[in-house]
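Understanding the architecture of this molecule
Here is what each chain is made of, one letter per residue.
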Amino acid sequence: MSRATVRDVARATGLSIATVSRVLNGQANVAQHTRELVLRAVDQLGARAPRPRGAKPTGSIYVRCPYLLTDYFGLIVSSVAETLALHGHQVVLDAGTSAQRARVLPDLAGRADVGGAVLILPPEPADELVRLRDRRFPFVVVDPRTELPRDVASVSAAHFAGARRLMAHLVELGHRRIGVLGGPRDWQASDGRLAGYAAALSDVGVLPSPELLRHVDEPTDERGHSAAGELLDLPERPTALVAFNDKMAVGALRAARERGLSVPGDVSVAGFDDLDLSRAAVPGLTTVRQPLQEMGRMAVTLLVRLLDRHELEALHVELATELVVRASTGPVRNS
């Protein structure tokens, strides 16, 4: 399939080659309706569309994080903003749960004030991200919710490896009947961590039990408390619980206390993320540390290279996690 040229776009739109070039290079001195006309033509050409060359895109960097900016997301956004400032870029921030209802991606490439974007756990379906890519708009996804095409730049933690190491830690302590407080079913991180847990169990000949898995639609303290309670009330309760994140694990600690169970004597509990609350929990929470600030810095590094028109050799970057062992996990108690 031959690639289309700027001349082809000019012919399709009836515009001059110079005008089309200004739009493709992100220059601001173009009328909005003209910009939209060119971008529609590029959208129709899809993968055949010309790659912009020459001047860098101008404008601010759009940072979309449609969640409350506490602990997890706050650390990523702060890192993104600080690193963009070091590169001389201003930030347009779109945050808060109400932002999930806004459809911003279809119009993002047509905004003259925005030159690129960092999208953090975007709730939009993958096909919207693909359309944004096809319009040659530079963006990077942090912690993608769903699997992305290979040519969409993204940064995430090594969910599979981190979960496997955590489960191996529990297996080494003698645990075999391990309850899993899983995250939302449609999140890529949930799938990666479940696969990691299963791999560590299979190493010792144990198959994951559907009876010991609970998924939640929102990984909060309350959801973790409820899901853990269900598992701890089974006739044969698990000897350990692993949670999708630290918030759910703290909920699990509360559920164990309410049932008069000691941690880790009667049941071990572990989380994921290594947020501040994992150190403040009683007992201190065994967890997997995600490099949240480094994820933000790496996302900006990739975006800056895209803005500079560099080809990226590594488009999907996974950053290593670290097992942090604290007092909430211990050996299985002999009955």
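Residues numbered from 1 in each chain as written. Predicted model: local features only at pLDDT ≥ 70, side-chain atom pairs only at ≥ 80, totals over all residues. Heavy atoms only, no water.

Next up on the list: the nonpolar core. Residues Ile76, Val118, Ile120, Val155, Leu181 and Met295 are the most contacted members of the largest nonpolar core, which totals 56 residues. With sequence-adjacent residues up to four places away left out, valine 118 is seen in contact with Ile61, Tyr62, Val63, Arg64, Val80, Val140, Val142, Ala299 and Leu303. Ala109, Phe137, Phe139 and Leu148 belong to the second-largest nonpolar core, a separate cluster that totals 24 residues. (Core = buried A, V, L, I, M, F, W, Y, C linked by side-chain atoms within 4.5 Å. Buried < 20%, exposed > 50% of the residue type's maximum accessible area, 1.4 Å probe, protein only. Contact = heavy atoms within 4.5 Å.)

A two-sided burial pattern is seen for strand E4 (residues 139-142), the buried positions comprising Phe139 and Val141 on one face and Val140 and Val142 on the other. With helix H6 (residues 126-134) bridging strand E3 (residues 114-120) and the parallel E4, this β-α-β connection has right-handed handedness. In this structure, E4 lies alongside strand E5 (residues 154-157), joined through 2 bridges in parallel fashion. Looking across to E5, one finds that valine 141 is bridged to serine 154. (Helix = DSSP H or I, 4+ residues; strand = E, 2+ residues; numbered from the N terminus. Right-handed = clockwise from strand over helix to strand, strands pointing away. Pairing = 2+ DSSP bridges.)

Right, let's talk about the sheet that holds strand E8 (residues 240-243) for a bit. The 4 strands are arranged E7-E6-E8-E9 in an open sheet whose pairing can be described as parallel. Looking at strand neighbours, the two that pair on one side only are strand E7 (213-215) and strand E9 (268-270), the edges of this open sheet. Across the sheet, the mean angle separating the axes of adjacent strands is 15° when strand polarity is ignored. Note that strand E6 (residues 178-182) and E7 share 3 bridges and pair parallel. (Axes fitted to C-alpha atoms, helices over the stretch in contact; angles between N-to-C directions.)

So yeah, pure geometry; function would need other evidence.
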